[in-house]
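The lines below spell out each chain.
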Amino acid sequence: MELGASGMFVPAQTVGTVLCCICGVTMAPNPTNMCVRCLRSRVDITEGLPRHGAVVHCPECRSYLHPPRTWVRADLESKELLVFCLRRLKPLTRHVRLVHAEFVWTEPHSKRLRLKLRVQRETVHGAILEQSHLVELTVHDQLCPACSRAQANPDQWSAAVQLRQHVAHRRTFFFLEQLILRHGAAIRALRISEADRGLDFFFGSRSHAVKFVEFISGVVPVRSRSDKQLVSHDPKSNIYNYKHTFSVEICPICREDLVCLPPKVAQALGNLGPLVICTKISDSVALLDPFTLRSAFLDASQYWRAPFKALLSSRQLVEYIVLDIEVESSEVTVGGSRYSLAYAQVARLSDFGKNDNIFTVRTHLGQLLNPGDYALGYDLYGANSGDLEIDLPDVVLIKKSYEEKRRNRSGKARPWKLKSLNMDVDNTSKGRADEEKRNIEYEEFLRDLEENPELRFNISLYRNKDYQPSEMASTAGGDDVPSMPLEDLLADLELSDGEEENDDAGSMME
Amino acid sequence: MATRLQFENSCEVGVFSKLTNAYCLVAIGGSENFYSAYEAELADVIPVVKTSIGGTRIIGRLCAGNKNGLLLPHTTTDQELQHLRNSLPDRVVVQRIEEKLSALGNCIACNDHVALTHPDLDRETEQLIADVLGVEVFRQTIAGNILVGSYCAFSNRGGLVHPHTSIEDQDELSTLLQVPLVAGTVNRGSEVIAAGMTVNDWTAFCGSDTTATELSVVESVFKLREAQPSTIVDEMRKSLIDSYV
């Protein structure tokens, strides 16, 4: 008598033994009343199951074909491969229940996969028999379509995007490079190469190229056109293979450019003074009249309807020293930046001390400049106004300059650095002069980044591990040279394949 | 001695025949082979009667009896009843009973002294069994099955029960029946013992699928090897010379 779970007395039930009806050995009774060996010798549950199979394997990308078209990436004797093999042996499960499956080790180059399966099946009288079953799969090697295409022509591109900007500097492309890196817009590009006034991106499919063009048109004002060229043609199935080309032209107006608006455009924008400064380029052009503090935005389509070129660009900026400043109006916020009209007395730095050339100008940098500051601006002193019936100012001040203070810190490494795209640089006809020019432009771009937090908005900056903050930095604490807040810096991602080294190797500076 | 035979290609001989110590009932088959097998074994000793019950041939499962009497279900026709009364010896009381459970062979398992019955049998039927068959009646189950008449077969010398019967149950039954019991199978692992074989004190008939192992179990538990019909039927004569010969 035993106590059951609820406290009841349950009489003990010992199972007796019977003789196997075939061989007479004593055993515990089961539904068939035959011992296991007799049952196994009479009943083979793996009778109709497949013992051989074939699998197609691509040696290049190490994937296996799941007919008709899917290729599944799997390593030898891995879990994915086991799942794949069981899926191929699916008809098996119609008759028996699979309890356990595992690989039996085979030599990697034997081209055989051995699977040991344990299956269960119901036999006569409802007894469930379990048996192990060996399946041998033969591996056939065959290149998958993607690899065969890659092998046949490794540089095969089917869509190209030609990005061009017809200006003499490459600032836009430095900036775009960082944007593209941050958003990963060019991860699908097979190749990137540098051209005279721009970049070429090559893609494997038209949709990738279209996506890239959409991304670019969202960050800079562009106009684009696309063309296609027939490469091959299958008349029977009516399949046409094309090479698509997208020609994307970026608007030549850049930040801090001085623009003289054509009369039609000026009128369309509400008689905005023909001399305007471009303050910001995003997918539209932001223009600011420095003498009236009026601003306007030009959409990409608006701009390209009546395109105009810049009068002077930031290469032609001249340094001035501010002698006196008289704020005229109150502070106005235009497009996120604060401006106020002021009268300033400035002198060219080259003239300062040598002669007495002083200019009195109106400027929009009223609350930024103080006497004794340095500013950069465009020198229009000796310019002819041509057929424009306006009074040209002597100087148009653009921004404050930190050049002097920079000179104190020159040669120091920055605490941050940028990554670069790896592109094929066309090294044929460029000389040393070009390279120096390029380096100077890059340095200016980095300075720009330091000065403008809004430029940094969409760019990823990485901590420079080689930077040691020296004692000079602490004494220069009161220095008002704008610098990067170190919290913004991203700790650089350490990848095992030495992306750091690749980075330096592929940098545009070399 | 145990014999292996078939009734019209079916191995369930216990369905188509009923064997006791005083008589044997056999179903009417298409050929005479079944009847001849019984005749060959039993002709000199006990009457072998060909019959049907209620027009059916499954007589083994419909009637229950021993050397004292025979119980028939209410489906038996008057002619069959009369035929049986005429054919069987006068000692044997043939009685038709009104019982809801009409497959008496499945509900009652008996030898000459004890009977095991279906737990849901009527009180009157139980009385009748005790009177007609002259036995002590116990309501029992075998390995959790209520059809005791199907899952066990016993004679005055031994018994064979369902293979899943636990040791404790076997002890209990053995105590009730006062005979040695063994759990086993007939007809190559079939658990329905009484349908697959029929047995009396000196002979047994099994289906032809019965394996040698099963047959040896049957012969050993029912003690058929040294059994002679004459010693049983005419009351045992204590004669050492006879047993030598």
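Nothing here was measured: the structure is a model prediction, and the numbers come from that model. (Residues numbered from 1 in each chain as written. Chains lettered and ligands numbered in written order. Predicted model: local features only at pLDDT ≥ 70, side-chain atom pairs only at ≥ 80, totals over all residues. Heavy atoms only, no water.)

1. A short note on the interface of chain B and chain A
The line we're drawing: Only heavy atoms enter the contact rule, under which two residues are in contact if any of them lie within 4.5 Å. Reported buried area values correspond to the accessible surface (1.4 Å probe) lost by two parts on association, with both partners' losses combined. Just to be clear on terms, a salt bridge is a Lys or Arg side-chain nitrogen sitting within 4 Å of an Asp or Glu carboxyl oxygen. What qualifies as a polar contact is a pair of N or O atoms within 3.5 Å, subject to a donor-acceptor requirement within protein and to the restriction that residues adjacent in sequence count only when both atoms come from side chains.
The interface of chain B with chain A comprises 17 residues on the first partner and 19 residues on the second. Across the interface of chain B and chain A, roughly 1200 Å² is buried in total on both sides, 51% from carbon and sulfur atoms. Of all residues in chain B, Glu168, Arg188 and Thr213 of chain B bury the most surface against chain A, accounting for 35% of the area lost on that side. Across the chain B-chain A interface, the total number found is zero salt bridges. Connecting chain B to chain A are six residue pairs in polar contact (both at pLDDT 80 or more).

2. Brief notes about the pairing of strand E26 (residues 374–379) of chain A
All names here are of chain A. Rule in force here: To sort residues, take the accessible area from a 1.4 Å probe on protein chains only and compare it with the maximum for the residue type: under 20% means buried, over 50% means exposed, and anything in between is partly exposed. Strands here mean DSSP runs of E at least two residues long; helices mean DSSP runs of H or I at least four residues long; both are numbered from the N terminus. Think of it this way: DSSP has to see at least two bridges between two strands before they count as a pair.
Of all six residues making up E26, five are buried, and the element is well covered by its neighbours. Sheet analysis places strand E21 (residues 318–327) next to E26, joined by four bridges and oriented antiparallel. Following the sheet pairing, Ile321 is matched in E26 by Tyr374. Pairing of E26 with strand E27 (residues 395–401), which is carried by six bridges, proceeds in the antiparallel orientation. Pairing of Tyr374 across the sheet is with Ser401, part of E27.

3. Focus: the confidence of the model for chain B
Let me state the cut-off plainly: Values of pLDDT, which run from 0 to 100, indicate the predictor's confidence residue by residue.
Counting all residues, the mean pLDDT for chain B is 90, and 92% of those residues have values of 70 or more. Complex prediction metrics read pTM 0.53 and ipTM 0.77.

4. A closer look at the packing of helix H4 (residues 171–183) of chain A against helix H5 (residues 206–219) of chain A
Residues and elements named next belong to chain A. Heads up, the rule is: Geometry is summarised by axes, namely lines fitted to C-alpha atoms with helices restricted to the contacting stretch, and by angles between N-to-C directions that run from 0 to 180 degrees. Convention used here: angles under 35 degrees read as roughly parallel, angles over 145 as roughly antiparallel, angles from 65 to 115 as roughly perpendicular, and any remaining angle as oblique. Whether a crossing is left-handed or right-handed is set by the direction in which the near helix is turned from the far one by less than a right angle, anticlockwise for left-handed and clockwise for right-handed. Here the nonpolar group is Ala, Val, Leu, Ile, Met, Phe, Trp, Tyr, Cys and Pro; Asp, Glu, Lys and Arg are the charged ones; every other residue, Gly included, is treated as polar.
Relative to each other, H4 and H5 sit at 125°, their axes nearing to 12 Å. Of the possible angle classes, the one that applies to H4 and H5 is oblique. Where H4 crosses over H5, the two elements pack in a sense that is right-handed. Each of Leu176, Leu179, Ile180 and His183 in H4 lies in contact with H5, whose residues at this interface are Phe212, Phe215, Ile216 and Val219. Here the residues of the contact of H4 with H5 are counted per class, giving seven nonpolar, one polar and no charged.

5. Observations concerning unusual backbone geometry
Residues and elements named next belong to chain A. Here the amide bond leading from Pro67 into Pro68 is cis, since omega sits at 0°, within 30 degrees of zero. Positionally, Pro68 belongs in the loop between strand E6 (63–66) and strand E7 (70–73). A positive phi angle is found at Arg62, which is not glycine, with a value near 55°. Counting through the fold element by element, Arg62 comes out in the loop between strand E5 (52–58) and E6. Of note, Leu293 is a non-glycine position whose phi angle comes to about 60°, a positive value. Take Leu293: it is sitting in the loop between strand E18 (284–289) and strand E19 (294–299). When its relative accessible area of 10% is taken as the criterion, Leu293 is described as buried.

6. Re the pattern of salt bridges
Oppositely charged side chains may form a pair once their charged atoms are brought near each other. Residues and elements named next belong to chain A. Throughout the structure, instances matching the rule amount to 25 salt bridges over all chains. As a salt-bridge pair, Arg62 and Asp75 come within 3.3 Å of each other at their nearest N and O atoms. A residue pair is termed long-range when its members are at least 10 positions apart, and Arg62 in the loop between E5 and E6 and Asp75 in the loop between E7 and helix H2 (79–88) qualify at 13 residues. Take Asp75: its relative accessible area is 37%, and that puts it in the partly exposed class. Here Arg348 makes a salt bridge to Asp379, at a shortest N to O gap of 2.3 Å. Highlighted residues: Arg348 in strand E24 (residues 342–348) and Asp379 in strand E26, separated in sequence by 31 residues. Owing to a relative accessible area of 14%, Arg348 belongs among the buried residues under this scheme. Residue classification places Asp379 among the partly exposed positions, given a relative accessible area of 28%. In this structure, a network of salt bridges that share partners links the residues Arg171, Arg255, Glu256, Lys399 and Asp448.

7. Let's talk about H4 of chain A
Along an α-helix, residues three or four positions apart point the same way, because every turn accommodates 3.6 residues. All names here are of chain A. Put simply, the test is: Expected helix span is taken as 1.5 Å per residue step, with the number of steps being one fewer than the number of residues.
For H4, with 13 residues, the first-to-last C-alpha span of 19 Å sits near the 18 Å given by 1.5 Å per residue. Of all the 13 residues making up H4, ten are buried; the element is thus mostly covered by neighbouring parts of the structure. Those residues of H4 that fall on the buried side of the exposure criterion are Arg171, Thr172, Phe173, Phe174, Phe175, Leu176, Glu177, Gln178, Leu179 and Ile180.

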